[in-house]
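Coordinate analysis (summary)
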Amino acid sequence: MTAEPRPMRVVFLGSGGFGGPTLEALVADPAFEVTLVVTPPDRPAGRRRRLAPAPIAALAERLGLPVLRTEDCNREADLAAIERAAPEALVVIAFGQKLGPRLCGIAFAINLHASLLPAHRGAAPIQRAIMAGDRTTGLSVISLAERMDAGEVHARRETGIGIVETAGELHDRLAAMGPDLVLETLRRARDGRLAPEVQDEASATHAAKIGRGDAVVDFGRDATFLRGWIHGLSPRPGCTISIGGDSLRLLRVEAVEAGDAPQREGDDELAPGTLVAEGLLKCGRGWLRPLEVQPAGGTVMSWEAWRRGRPALVAPIAPIEATSP
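In this text the structure is predicted, and so the values were computed from the model without any measurement.

The space that makes up the largest pocket amounts to roughly 1,400 Å³. If you trace the largest pocket, you find 39 residues lining it, with Ala94, Phe95, Gly96, Gly122 and Ala123 closest to the centre. Elements represented by at least two residues in the lining of the largest pocket include exactly strand 6 (89-93), strand 7 (108-113), helix 5 (125-131), strand 9 (136-143) and helix 6 (167-191). Among the residues making up the lining of the largest pocket, the classes are represented as 21 nonpolar, 12 polar and 6 charged.

And the structure:
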């Protein structure tokens with residue numbers, strides 16, 4: 001009888017929950033053995049600022065995996081610990097640390113990136129794809145390179161972006177698509193079947209980190225543009241507006257063309273950012289109909305539930321920055 005091949009040894013490097021489904025899949029598949037999980041140290045979290053593990057660290061501990069917590073995976077002691085784990089592959093997903101040449105040279109090293117590279121290289125590919133109004137996005141498995149997200153592409157998977165899909169929902173959907181793509185790439189690497197593609201540098205775009213200034217709604221813009229902008233920032237940081245002195249985060253909206261909105265005399269003269277009795281927000285072109293909102297300190301609710309019990313509001317809206325990006 002032919003002996004079963006030995007499992008491929010994998011060191012997993014990650015922090016955020018985006019890599020969770022892939023780590024679970026690697027543990028569940030007998031073709032792989034996760035010998036070490038590398039993750040940042042525990043950070044203060046919550047109102048009481050108690051130390052809490054990164055999502056990947058918490059998952060790794062539940063799975064019974066050895067965990068290396070480090071601020072810099074390129075330090076000599078941490079490199080030695082990774083070398084002792086004897087990896088044949090390094091899988092990097094939402095890690096937040098740059099791997100140096102020596103670490104990348106330890107084993108076949110790949111990264112799962114949440115865009116169809118070379119589009120949306122950088123820290124916020126999911127949010128920026130929705131904010132840009134893209135109709136499709138996807139995943140790319142790439143080799144690690146000196147420049148951010150510029151490595152050769154080993155695999156891609158495309159998916160559409162729903163018209164009312166938020167960044168949080170797309171994040172979870174893409175995370176669930178990751179395991180098949182990563183595990184298939186590792187199998188091809190083990191069998192010598194890789195056929196990497198060089199990225200087209202002329203087509204590269206940058207997905208900058210989300211900042212406080214992004215969380216402001218400019219009602220002078222087109223309603224369709226604003227729909228993507230708001231959904232790309234939902235649920236965090238969320239776009240916050242003020243209505244009658246109340247702070248309200250817009251989490252899901254619908255774009256309404258001018259011809260589809262109630263027609264009343266004087267609507268054309270309304271300033272962008274005006275709320276009319278029908279519950280629509282005036283934009284530079286078209287209207288926005290809020291669908292889901294969150295009052296300051298409150299829970300997520302429908303727009304109609306928030307308006308229920310309140311007198312009809314017809315007031316200008318004052319966009320304000322989110323308190324934390």
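There's plenty left to go through after this.
The next point concerns the nonpolar core. Ranked by internal contacts, the top residues of the largest apolar core, which has 37 residues, are Phe18, Leu23 and Leu186. For this core, the element with the highest residue contribution is helix 6, accounting for 9 residues. Beyond its immediate chain neighbours, meaning those up to four positions away, Leu23 contacts Phe12, Val34, Val37, Ile56, Leu59, Ala60, Leu63 and Leu65. Core analysis: the next-biggest nonpolar cluster, separate from the first, contains 24 residues, Val217, Leu226, Cys283 and Trp303 among them.

Let's shift gears to the sheet that holds strand 5 (residues 67-69). Backbone hydrogen bonds are what pair the strands of a sheet, in a parallel or an antiparallel way. Pairing is mixed across the open sheet formed by 7 strands, whose spatial order is 5-2-1-6-7-9-10. Either end of the sheet is taken by a strand with one partner, and the two such strands are strand 5 and strand 10 (153-160). On average, adjacent strands in this sheet sit at an angle of 20 degrees to one another, irrespective of strand direction. Its contacts with the sheet put helix 1 (residues 20-28) on strand 1 (8-14), strand 2 (32-39), strand 6 and strand 7, and the angle it makes with strand 2 is roughly 145 degrees.

Among the structural elements, Thr274 can be located in strand 14 (residues 274-275). For Thr274, a relative accessible area of 12% puts it in the buried group. There is a polar contact of 2.7 Å between the side chain of Thr274 and the backbone oxygen of Ala271. Look past the residues within four positions of Thr274 in its chain and what remains in contact with it is Leu280, Leu281, Lys282, Ala315 and Pro316.

Another aspect to go through is helix 3 (residues 76-84). Asp78, Leu79, Ala81 and Ile82 are the residues of helix 3 that are buried. Along the axis of helix 3, the buried positions cluster into a sector of 160 degrees, meaning they face one direction only. Away from the buried face of helix 3 by more than 90 degrees, exposed residues Glu76, Ala77 and Arg84 are located. Where helix 3 is buried, its residues contact strand 1, strand 2, strand 5, strand 6 and helix 4 (101-104). One or two residues past the end of helix 3 sits Ala86, with phi positive at roughly 50 degrees.

Let us now look at a nonpolar patch on the surface. Side chains of Ile163, Val164 and Leu291 sit close together on the surface and give an oily, nonpolar patch of about 210 Å² of accessible area. Relative to the assigned elements, Leu291 resides in strand 16 (residues 287-295). Look at Leu291 and you get partly exposed, because its relative accessible area is 30%.

The subject of this paragraph is the packing of aromatic side chains. One pass over the full model with this rule turns up 2 aromatic pairs. Aromatic pair Trp303 and Trp306: ring centres 5.5 Å apart, planes at 15 degrees, arrangement stacked. Note that Trp303 and Trp306 are positioned in helix 8 (residues 303-307) at a spacing of 3 residues, about one turn of the helix. Judged by its relative accessible area of 1%, Trp303 falls in the buried class. Trp306 sits in the buried class, given a relative accessible area of 3%. The ring of Phe225 is capped by Arg221, whose NZ or CZ atom sits 3.8 Å from the centre of that ring. The side chain of Lys282 reaches across the aromatic face of Trp287, ending 5.8 Å from its centre.

Parameters and conventions
- Here the residue numbering is sequential within each chain, running from 1 through the sequence in written order.
- For this predicted model, a pLDDT threshold of at least 70 governs which residues receive local features, and a threshold of 80 or more governs which side-chain atom pairs are given and counted, while totals over whole chains, interfaces and linings are taken from all residues.
- The side-chain figures draw on all heavy atoms in the structure; neither hydrogens nor water molecules are used.
- A pocket, in this scheme, is an open set of points on a 1 Å grid over the protein atoms alone with protein on both sides within 12 Å along at least 5 of 7 lines, while a cavity is a set where a 1.4 Å probe fits but cannot get out; residues line either one if an atom lies within 4 Å of a point.
- Grid points are joined across faces, edges and corners, and a volume is the space filled by probe spheres set on the points.
- Helix numbering and strand numbering both begin at the N terminus, where a helix is a DSSP run of H or I of at least 4 residues and a strand a DSSP run of E of at least 2.
- Classification used: nonpolar for Ala, Val, Leu, Ile, Met, Phe, Trp, Tyr, Cys and Pro, charged for Asp, Glu, Lys and Arg, polar for all others including Gly.
- By nonpolar core is meant a set of buried Ala, Val, Leu, Ile, Met, Phe, Trp, Tyr and Cys residues that side-chain atoms within 4.5 Å join together.
- When a residue's accessible area, from a 1.4 Å probe over protein chains only, is under 20% of the maximum for its type it is buried; when over 50% it is exposed; and in between it is partly exposed.
- Contacts are residue-level and defined by heavy atoms, with any inter-residue pair within 4.5 Å sufficient.
- Only strands that DSSP links by at least two bridges are regarded as paired with each other.
- The axes used here are C-alpha line fits, helices contributing only the stretch in contact, and every angle between their N-to-C directions lies in the interval 0 to 180 degrees.
- Two N or O atoms count as a polar contact when they lie within 3.5 Å, although within protein this holds only if one can serve as hydrogen donor and the other as acceptor, and sequence-adjacent residues are included solely when both atoms are side-chain atoms.
- Arc definition: directions from the helix axis to the C-beta atoms.
- Patch definition: residues above 30% relative accessible area lacking any salt bridge, with like charges linked at up to 9 Å and the nonpolar side chains Val, Leu, Ile, Met, Phe, Trp and Tyr linked at up to 5 Å.
- To measure how exposed things are, a 1.4 Å probe is used in the Shrake-Rupley method; for residues, cover is taken only from the protein chains shown.
- Salt bridge, as used here: a side-chain nitrogen of Lys or Arg that lies within 4 Å of a carboxyl oxygen of Asp or Glu.
- Pairing of aromatic rings covers Phe, Tyr and the six-membered ring of Trp, with a centre-to-centre limit of 6.5 Å; geometry is then stacked below 30 degrees between planes, edge-to-face above 60, and tilted otherwise.
- Charge over a ring is defined by NZ of Lys or CZ of Arg lying within 6 Å of the ring centre and within 35 degrees of the ring normal.

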